[in-house]
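Reading the structure
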Amino acid sequence: MKSLADIRFLITAGPTREFFDPIRYISNRSSGKMGYAIAEAARAISSAVMLVSGPTALTPPKGVEFVPVTTAQEMAEAVWSRFEAVDVCIMAAAVCDFRPKKTAASKIKKGSFSGVLELEPTPDILAELGRRKKSQVLVGFAAETDDLESNAREKLVRKGLDFIVANDTSAFDAETNRVAFIGHEGKVERLTELPKSEVAKAIIERAVRLVR
Ligand code: C5P
């Protein structure tokens, strides 16, 4: 058994931005608050915490190794290159699932835009970690508007996760979150609505219990 202070964490947070010209992008409503709270809760027990974050308005917690990224591709490279050296990886980032197929070299003029933005899938960072994983504890999030639990369960298996944190999309940018943990033992553990700092502690506690 590792001592708590020796556990190495990799946390992702925030949205990603996917550009279609140098100044315009598609993104999502993630504030990064949940992921930053998780990094802070991890830092309270260990000094080996890396936070890979998309653009947010937040200040990274003190004592955490901060890796800023912008796009899903940059986040993928930052995470994949660090994964082997950690014990716990928690993917709280709201990675854009799609990106524009082409990024114009200069600002698209109003008059010359075709009106169609062609998209392609971004790499699924977490699913790739599921394939690479050895003894690491891997935790993902599922934010859904419909069928939250059945979608979360499907993701748990497909992405090779140890457990999944299911939350309602109303958690975006909020100070609190209502989550459920879904693991392989089959039962769903529901938490009441709590400040994100408390949800973060519960996630870290659960992940740490699974470290071999
Ligand atoms: O499939 P979905 O995007 O809903 O899955 C959510 C989980 O997968 C989150 O933990 C998120 O950080 C991660 N994810 C990822 N790479 C993507 C999309 C999502 O790692 N391209």
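This text goes with the structure placed above it.
**Topic: the overall build of the chain**
If you tally the helices and strands in the chain, you get five helices and 14 strands. Relative to its length of 212 residues, the chain is compact, with a C-alpha radius of gyration of 17 Å against a globular reference of 17 Å. Sorting the 212 residues of the chain into buried and exposed places 45% on the buried side. When contacts within the chain are restricted to residue pairs at least 6 apart in sequence, those whose partners lie at least 24 apart make up 61%. Accessible surface, the chain: about 10900 Å² in total, of which carbon and sulfur atoms supply 52%. Charge-centre separation for the chain: the mean point of 31 positive side chains lies 3 Å from the mean point of 28 negative side chains.

**Notes on a nonpolar patch on the surface**
Among the surface-exposed residues, F98, F113, L117 and L119 lie close enough to one another that they form a single nonpolar patch of about 350 Å² accessible area. Within the secondary structure, L117 sits in the loop between β7 (98-100) and β8 (119-121). Classification of L117 as partly exposed rests on a relative accessible area of 33%.

**A few points about the environment of R206**
Mapped onto the secondary structure, R206 falls in helix α5 (residues 196-209). Sequence separation between R206 and S3 is 203 residues; the distance between their C-alpha atoms is 15 Å. Not counting residues within four places of it along the chain, the set of residues in contact with R206 comprises F163, F181, E185 and E189. Of note is the side chain of R206, whose polar atom sits 3.2 Å from the side chain of E189.

**Notes on the site of the ligand**
In the neighbourhood of the ligand, 13 residues make up the surrounding shell, with M91, A93, P123, F141 and K155 lying closest. Between A93 and the ligand, the recorded distance is 2.6 Å, taken from a backbone N or O atom to an oxygen atom. For the ligand, an oxygen atom lies 3.0 Å from a polar atom in the side chain of K159.

Definitions and cut-offs
- Residues numbered from 1 in each chain as written.
- Predicted model: local features only at pLDDT ≥ 70, side-chain atom pairs only at ≥ 80, totals over all residues.
- Heavy atoms only, no water.
- Helix = DSSP H or I, 4+ residues; strand = E, 2+ residues; numbered from the N terminus.
- Rg over C-alpha atoms; globule rule 2.2 N^0.38 Å.
- Buried < 20%, exposed > 50% of the residue type's maximum accessible area, 1.4 Å probe, protein only.
- Contact = heavy atoms within 4.5 Å.
- Areas by Shrake-Rupley, 256 points an atom, 1.4 Å probe, with all protein chains shown as cover.
- Lys, Arg positive; Asp, Glu negative; His and termini not counted.
- Charge placed at Lys NZ, Arg CZ, Asp CG, Glu CD.
- Patch = residues over 30% accessible without salt bridge, like charges linked within 9 Å, V, L, I, M, F, W, Y side chains within 5 Å.
- Salt bridge = Lys/Arg side-chain N within 4 Å of Asp/Glu carboxyl O.
- Polar contact = N/O pair within 3.5 Å; in protein donor to acceptor, adjacent residues only side chain to side chain.
- Near = heavy atom within 4 Å.

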